[in-house]
Amino acid sequence: MVATFIPWIPTGCPPGRPGKWASVWREKILEKYLADEGRYPENIALYWMCNDIMWADGEGLGQMFYLLGVRPRWLPNGRVAGIEVIPLEELGCGGGFALRRYWMVLWAAVLAAVLLAAAVWPAVAAQQKRITVTEYFVTSKGEIEKSAVRVPCPPRRVVVLGGYPAEMLKALGVEKTVVAVDDHTKDNEQWPNYVTKLPSVGKSSTPSVEKILALKPDLVIEGFLDPKLRSQLNRAGIPVLRIYGYRTELIPQEIRTLGLVFDCRKRASDYAGYIEKRWQVVQARTKGLSSRQKPKVYWESGLGEWKTNGRGSGAHPLIEWAGGINIAADRGIAYPVVTSEWVAAKNPDVIIKYVSAPECGWEGDVKKLEEIRQQIMRRPALRNTSAVKEGRVFLVSSKITCAPRGAAGEYYIAKWLHPELFKDIDPEAVHREMLKKFYGEELKGVWVYPSK
């Protein structure tokens with residue numbers, strides 16, 4: 001007697017239904033055989049058809065497993081992790097038949113396992129292998145630590161917790177794999193545009209694990225995720241990869257890591273190489289400057305007054321590469337909070353201030369930016385600094401500095417610090433080219449102020 005089944009990818013077997021329908025199949029098979037032959041079958045052959053266009057939702061193979069006396073074993077996220085033997089009580093076996101039935105079930109489990117290993121898993125592996133990549137963690141002091149993580153290659157369903165990783169995936173052309181983002185990326189960043197059409201799973205650091213699991217992702221990409229929640233996702237069988245996107249020195253490597261993960265190495269290499277080439281142009285021109293030729297820079301955060309960027313922050317290398325001296329470099333932490341008196345005593349030659357959207361960004365408001373600039377220049381502690389006296393106070397969006405589009409921002413910074421060295425450079429042209437080349441978008445809005 002032969003039963004025919006269509007194969008499927010085992011990680012997607014629907015819970016519940018295979019057992020229900022397997023019971024129906026079992027009774028129907030026996031009824032038909034009894035009617036045709038007048039006796040019970042001594043053997044049942046399971047004919048499993050397989051080719052490249054006959055993938056189904058898993059119910060067929062799930063039914064076959066139940067008929068063999070085994071069933072899929074599900075993870076909390078609904079994916080299948082393996083198989084298990086159905087207890088004899090559930091099979092309705094008892095009395096003198098129990099021992100015989102035990103061996104039948106045991107052989108069925110062995111057969112199912114062999115079938116799974118020999119036919120199903122190689123097919124899955126051919127479609128989605130796993131690779132080991134390096135991820136980076138930044139300590140509170142700005143130091144970089146490395147660790148290895150196993151991830152699917154390429155992933156098909158990705159949850160992204162962070163605007164910068166979402167931007168990187170757009171530039172790599174793999175944004176269609178993203179199934180959800182965090183609240184801030186969806187509601188505040190609103191770019192790239194695809195993020196506004198996706199569901200959100202909560203804050204980037206403390207998202208809803210339940211919402212993530214319901215989406216059945218095969219990868220979560222994050223930059224600030226609570227370690228406890230990361231462990232919870234790992235225990236549920238979901239790999240997690242950290243991608244910051246704002247730590248300047250790591251950006252090219254993180255792009256190349258994503259290229260490995262999403263199997264788009266050429267695109268990632270072009271993207272990272274474009275950024276690195278612009279940075280190298282800046283460094284080459286400022287390499288020969290003496291300390292006296294380097295202006296002192298105070299770079300203030302957009303999170304509040306007197307919050308600045310020290311060594312270990314994404315802004316620090318941008319200052320140094322552009323031929324400046326970061327006055328907060330010796331504060332011992334990446335993001336120190338200083339006093340107005342301390343800044344006044346340092347007497348910066350250039351002041352740079354982060355300003356967020358909507359004042360600075362895709363929309364931009366020149367009038368409000370000028371108001372912010374004047375407020376900075378009117379601070380009592382800054383009035384007598386060289387930066388204010390010479391009008392060298394600049395506003396910039398973080399989205400084009402310590403970010404995937406940081407190549408454009410670095411040209412602005414270099415030109416602010418050394419206008420003569422970079423008089424032939426047009427930072428806006430670099431920004432426009434980058435958007436068109438890697439994101440397929442036109443430049444609009446106000447990203448720096450003043451622009452000249």
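About the criteria used
- Residues numbered from 1 in each chain as written.
- Predicted model: local features only at pLDDT ≥ 70, side-chain atom pairs only at ≥ 80, totals over all residues.
- Heavy atoms only, no water.
- Helix = DSSP H or I, 4+ residues; strand = E, 2+ residues; numbered from the N terminus.
- Axes fitted to C-alpha atoms, helices over the stretch in contact; angles between N-to-C directions.
- Parallel < 35°, antiparallel > 145°, perpendicular 65-115°, else oblique.
- Contact = heavy atoms within 4.5 Å.
- Pairing = 2+ DSSP bridges.
- Buried < 20%, exposed > 50% of the residue type's maximum accessible area, 1.4 Å probe, protein only.
- Phe/Tyr/Trp six-rings, centres within 6.5 Å; stacked < 30°, edge-to-face > 60°.
- Lys NZ or Arg CZ within 6 Å of the ring centre and 35° of its normal.
- pLDDT = per-residue confidence, 0-100.

### Brief notes about unusual backbone geometry
Argument step 1. The omega torsion of the bond from Ala357 to Pro358 falls at 10°, within 30 degrees of zero and hence cis.
Argument step 2. With respect to the secondary-structure elements, Pro358 resides in the loop between β13 (350-354) and α13 (366-377).
Argument step 3. Note the cis peptide between Tyr449 and Pro450, where omega equals -10°.
Argument step 4. Within the secondary structure layout, Pro450 lies in the segment after β15 (448-449).

### What to know about the packing of helix α15 (residues 406-417) against helix α16 (residues 427-439)
Argument step 1. The N-to-C vectors of α15 and α16 enclose an angle of 180°; their axes lie 8 Å apart at closest approach. Comparing their axes, α16 and α15 come out roughly antiparallel. Residues Ala407, Ala408, Tyr411, Tyr412 and Lys415 of α15 form the contact with α16, whose participating residues are Pro427, Glu428, Val430, His431 and Met434.

### Section: the sheet that holds strand β10 (residues 240-242)
Argument step 1. One open sheet holds the four strands; their spatial order is β8-β7-β9-β10, and the pairing between them is parallel. Of all strands in the sheet, those bounded by a partner on one side alone are β8 (178-181) and β10. With strand direction ignored, the average angle separating the axes of adjacent strands in the sheet is 20°.
Argument step 2. Where strand β7 (residues 158-161) lies against strand β9 (residues 219-222), four bridges are found, and the strand directions are parallel. Bridge pairing links Val160 to Ile221 in β9.

### Some points on the environment of Arg331
Argument step 1. With respect to the helices and strands, the residue Arg331 is situated in the loop between β12 (325-326) and α12 (340-346).
Argument step 2. For Arg331, a relative accessible area of 38% puts it in the partly exposed group.
Argument step 3. Distance in space between the C-alpha atoms of Arg331 and Gly310 is 6.4 Å, their sequence separation being 21 residues.
Argument step 4. The residues touching Arg331, leaving out its near neighbours within four places in the chain, are Pro336, Val338 and Trp342.

### With respect to the packing of aromatic side chains
Argument step 1. Taken as a whole, this structure holds 13 aromatic pairs when the rule is applied.
Argument step 2. With a centroid separation of 4.4 Å and 5° between ring planes, the pair formed by Phe394 and Trp416 is classed as stacked. Of this pair, Phe394 sits in strand β14 (residues 393-396) while Trp416 sits in helix α15; the two residues are 22 residues apart in sequence, bridging distant segments of the chain.
Argument step 3. Residue class for Trp416 comes out buried when judged on its relative accessible area of 7%.
Argument step 4. With centroids separated by 6.1 Å and ring planes inclined at 40°, the aromatic side chains of Tyr412 and Trp416 adopt a geometry described as tilted. In this pair, Tyr412 and Trp416 both sit in helix α15, four residues apart, roughly one turn of the helix.
Argument step 5. Site record: aromatic cluster; members linked through ring pairs are Trp191, Tyr271, Tyr274, Trp362, Phe438, Tyr439 and Trp447.
Argument step 6. Sitting over the face of the ring of Tyr274, Arg278 holds its NZ or CZ atom 3.7 Å from the ring centroid.
Argument step 7. Above the plane of the ring of Trp342 lies Arg331, whose end atom (NZ or CZ) is 4.8 Å from the centre.

### Considering the environment of Gly406
Argument step 1. Considering the arrangement of structural elements, one finds Gly406 in helix α15.
Argument step 2. You can call Gly406 buried: its relative accessible area is 0%.

### Some details on the side chain of Thr248
Argument step 1. Inspection of the secondary structure assignment puts Thr248 in the loop between β10 and α9 (251-261).
Argument step 2. By relative accessible area, which is 0% here, Thr248 ends up buried.
Argument step 3. Other than its neighbours up to four places away in sequence, Thr248 contacts Trp279, Gly314, Pro317, Leu318, Trp321 and Cys402.

### A short note on the confidence of the model for the chain
Argument step 1. Residue-level pLDDT values for the chain average 86, and 76% of them are 70 or greater.
Argument step 2. In the model, residues 5-11 has pLDDT below 50 throughout and makes 39 contacts with residues more than four positions away in sequence or in other chains.
Argument step 3. Throughout residues 52-57 the model reports pLDDT below 50, and contacts reaching past four residues in sequence, or to other chains, amount to 16 contacts.

### Examining the pairing of β13
Argument step 1. With five of five residues buried, β13 lies mostly within the body of the structure.
Argument step 2. With burial as the criterion, each face of β13 is covered, one bearing Val350, Ile352 and Tyr354 and the other bearing Ile351 and Lys353.
Argument step 3. Two elements, strand β11 (residues 296-300) and β13, share four bridges in a ladder whose sense is parallel. Across the sheet, Tyr298 pairs through a bridge with Ile351, a residue of β13.

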